[in-house]
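# An overview of the molecular structure
Given next are the chains, with one letter for each unit.
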Amino acid sequence: MKKVALSILMFCGASVAHAATVHGEHATLMPAQDQPKTAQHPNTNHGNKASVFNTLTVSNCWIRSLPRPTPSAGYFLIKNTGANDAKLTNLTIGEFDQVSLHQTTNEGGKSKMSIAHDILIPAGGELKFKPGSYHAMLEKPNQTLTVGTHVNAEFTFESSQKAITTCEIKPANTVAG
Ligand SMILES: [Cu+2]
């Protein structure tokens, strides 16, 4: 109990300092979720557990811009503040008709990618999707995406918890995010 009270105190202290000084870290604290422009949720069946225990967040999401109909890839950071390990099972991005979760591995100097199973985000830990590793394989784009714009992405975990974030369309030659 003492520890909890202390954390709250520290949090309040931090908030005051935050208000008094100017620094631009808001983005990492609060991912923007209001993107009315292309908000088309194909899945209206949101599990009611999802909003109650929000221990999984996704940030820093970006998508490599490639000319249609070339498949592209998406990268992001998943954080798990919960007490249990989490498993990512699905990702939906309305602008792509086919989205799958892939893993690039290196076997004897040969790069190879395959469907990723058991994508584990450890309790209290994080997992980064990045070039050369885990990535979202984005196929069958249904519209042209402009560099600098954002699209909505909805992540589903094994617990049926969901996380929603926005992904920035970045130039094809982007190295890492
Ligand atoms: Cu792939």
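From a predicted model like this one, the values you see are computed outputs, not experimental measurements. (Residues numbered from 1 in each chain as written. Predicted model: local features only at pLDDT ≥ 70, side-chain atom pairs only at ≥ 80, totals over all residues. Heavy atoms only, no water.)

## What about the coordination of the copper ion?
- Those donors, His102 (ND1), Met113 (SD), His135 (NE2) and Met137 (SD), are the protein atoms that reach the copper ion, and they lie 2.1 to 2.2 Å from it.
- Here the donor residues of the copper ion share one chain and are spaced in sequence as H-x10-M-x21-H-x1-M.
- Residue class for Met137 comes out buried when judged on its relative accessible area of 11%. (Donors = N, O, S within 2.8 Å, 3.2 Å for Na, K, Ca; no water. Buried < 20%, exposed > 50% of the residue type's maximum accessible area, 1.4 Å probe, protein only.)

## Quick notes on the side chain of Thr104
- Mapping Thr104 onto the fold places it in strand S4 (residues 96-107).
- At 3.5 Å, the side chain of Thr104 forms a polar contact with the side chain of His135.
- Excluding residues that lie within four positions of it along the chain, Thr104 makes contacts with Ser111, Lys112, Met113, Gly132, Ser133 and His135. (Helix = DSSP H or I, 4+ residues; strand = E, 2+ residues; numbered from the N terminus. Polar contact = N/O pair within 3.5 Å; in protein donor to acceptor, adjacent residues only side chain to side chain. Contact = heavy atoms within 4.5 Å.)

## Observations regarding the confidence of the model for the protein
- For the protein, per-residue confidence averages 79 on the pLDDT scale, and 69% of positions sit at 70 or higher.
- pLDDT under 50 marks residues 1-51. Its contacts with residues more than four places away, or in other chains, come to 27 contacts. (pLDDT = per-residue confidence, 0-100.)

## Focus on the pattern of salt bridges
- A complete count under the given rule lists 4 salt bridges for this structure.
- With its nearest N and O atoms 3.1 Å apart, the salt bridge here joins Lys87 to Asp118. You can see Lys87 sitting in strand S3 (residues 86-92) and its partner Asp118 sitting in the loop between strand S5 (110-115) and strand S6 (119-121), a full 31 residues away along the chain.
- Among the residues examined, Lys87 registers a relative accessible area of 23% and is labelled partly exposed.
- Residue Glu154 is joined to Lys162 by a salt bridge in which the shortest nitrogen-to-oxygen separation is 3.5 Å.
- Each member of the salt-bridge network shares a partner with another, and the members are Lys87, Asp118 and Glu158. (Salt bridge = Lys/Arg side-chain N within 4 Å of Asp/Glu carboxyl O.)

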